[in-house]
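# Breakdown of the fold
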Amino acid sequence: MEKPIKHIVSLSGGKDSTAMLLRLIEEGRPVDIILFCDTGLEFEAMYRHIDKLEKYIGKPITRLKSDKTFEYLLLEHMPKRKNPELVGRKGYSWSGPRNRWCTAVLKQRVIDKYLHDISKEYTLKQYIGIAADEPERVKGFYYPLVDWGMTEADCLAYCKERGFDWEGLYDIFHRVSCWCCPLQSFEELRKLRKHFPDLWKKLGEWDEKTWRTFLKKYSVKQLDIRFAFEEERLAQGLPITGKAFFDALNEKLKEGDG
């Protein structure tokens, strides 16, 4: 016997998935389940956005969350180690381009378990909010934004026309996912330090407690020294690129480590 279909929207809460959800509903497309997986690392404005969105569409948003916190996994968890040099180290520590454990543990596994359970009774049709100008594609899902030809800029404009502005997050950042991601650009990290000093302080506290530095070449403390030094240079009308800058920066970093 053929299983009935459940239409599932994967909602990150960002501009693309929000625009996708809004348009699906506006066009009367079937939407049975809306999934938002909370890593615990979203900006507070994002949680308020999800609440506002739920009220606007008049449909419940299913909130999923791992039973383990990011802080515990970062600092305390004792995983099985394949690398003998890491045996005995506590916590996964910071993720990197080739080991994005946080995405796997805090999001993908949580979502996969939920979907696995309901797939026993239903055939799942998942809507994924990948914009038309993004190169990534994942087989086996449905991409309404691609079909509609909606770019990232289109998605943001579409949301703003309907009153969704994330309390200005997109006026600051290009992307508004986990605030502590070490894969952010320097520019995004500068903005985090400037606009969210409490989060920046928390980032530094975590960094001091774990065994891998936040970035390959910089700890959060060193980033703080660099960004402060950049501000000093810019105020003096001096460049923050080139050999002279980096020579002077290296001296600052040595002083900071002393």
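Our structure is the block above this text.
This text gives an overview of the structure that appears in the document. Remember, it's a predicted structure, so these values are computed and weren't measured experimentally. Counting starts from 1 at the beginning of each chain's written sequence and moves along it residue by residue. Two thresholds apply to this predicted model, a pLDDT of at least 70 for residue-level local features and 80 or more for giving and counting side-chain atom pairs, whereas whole-chain, interface and lining totals are computed over all residues. Only hydrogens and water are set aside; all other atoms, that is, all heavy atoms of the structure, feed into the side-chain values.

### With respect to the overall build of the chain
For clarity, the threshold we go by: Secondary structure elements are defined from DSSP: runs of H or I of at least 4 residues count as helices, runs of E of at least 2 residues count as strands, and each element is numbered from the N terminus. Throughout, exposure labels follow a simple rule: accessible area from a 1.4 Å probe, protein chains only, divided by the maximum for the residue type, with under 20% read as buried, over 50% as exposed, and the rest as partly exposed. Residue contacts follow a heavy-atom distance rule, with two residues in contact if any of their heavy atoms lie within 4.5 Å. Positive charge is attributed to Lys and Arg, negative charge to Asp and Glu, and no charge count is given to His or to the chain ends. We put the charge of a Lys on NZ, of an Arg on CZ, of an Asp on CG and of a Glu on CD.
Looking only at helices and strands, the chain features 11 helices and 4 strands. Principal axes of the C-alpha set define a box for the chain whose edges measure 70 × 45 × 30 Å. Across the 258 residues in the chain, those meeting the buried criterion constitute 44%. Across the chain, the fraction of contacts at a sequence separation of at least 24, relative to all contacts at a separation of at least 6, is 62%. In the chain, which carries 45 positive and 41 negative side-chain charges, the distance between the mean positions of the two groups comes to 4 Å.

### Focus on the packing of aromatic side chains
The description of an aromatic ring pair uses the distance of the two centres, along with the angle that the planes make with each other. Rules: A pair of aromatic rings is counted whenever rings of Phe, Tyr or Trp (Trp by its six-membered ring) have centres within 6.5 Å, and the orientation is called stacked for planes under 30 degrees apart, edge-to-face for over 60 and tilted otherwise. Distance and angle both matter: a charge sits over a ring if NZ of Lys or CZ of Arg is within 6 Å of the ring centre and within 35 degrees of the ring normal.
One pass over the structure, following the stated rule, counts 17 aromatic pairs. For the pair phenylalanine 229 and phenylalanine 245, a centre-to-centre distance of 5.7 Å together with 15° between the ring planes defines the contact as stacked. Linking phenylalanine 229 in helix 10 (residues 220-235) with phenylalanine 245 in helix 11 (residues 243-257), this pair joins segments that are 16 residues apart in sequence. By relative accessible area, which is 8% here, phenylalanine 229 ends up buried. According to the relative accessible area criterion, phenylalanine 245 is buried, its value standing at 0%. Members of the aromatic cluster, each reached through a chain of ring pairs, are Phe70, Tyr92, Trp94, Trp101, Trp179, Trp206 and Phe214. The residue whose ring lies beneath lysine 6 is tyrosine 122, and the NZ or CZ to ring-centre distance is 4.7 Å. Of note, arginine 162 hangs over the ring of tyrosine 158, and the distance from its end group to the ring centre comes to 3.5 Å.

### Side note on the pattern of salt bridges
Keep this limit in mind: For this analysis, a salt bridge means a side-chain nitrogen from Lys or Arg found within 4 Å of a carboxyl oxygen belonging to Asp or Glu.
Inspection of every chain in the model, using the stated rule, returns 23 salt bridges. In this structure, glutamate 71 and lysine 202 form a salt bridge, with 3.6 Å as the shortest nitrogen-oxygen distance. Of this pair, glutamate 71 sits in helix 3 (residues 70-75) while lysine 202 sits in helix 9 (residues 197-209), and the two are 131 residues apart along the sequence. By relative accessible area, which is 27% here, lysine 202 ends up partly exposed. The partner of arginine 190 in a salt bridge is glutamate 230, with the nearest N and O atoms 2.7 Å apart. With arginine 190 in helix 8 (residues 186-195) and glutamate 230 in helix 10, this residue pair connects regions lying 40 residues apart in the sequence.

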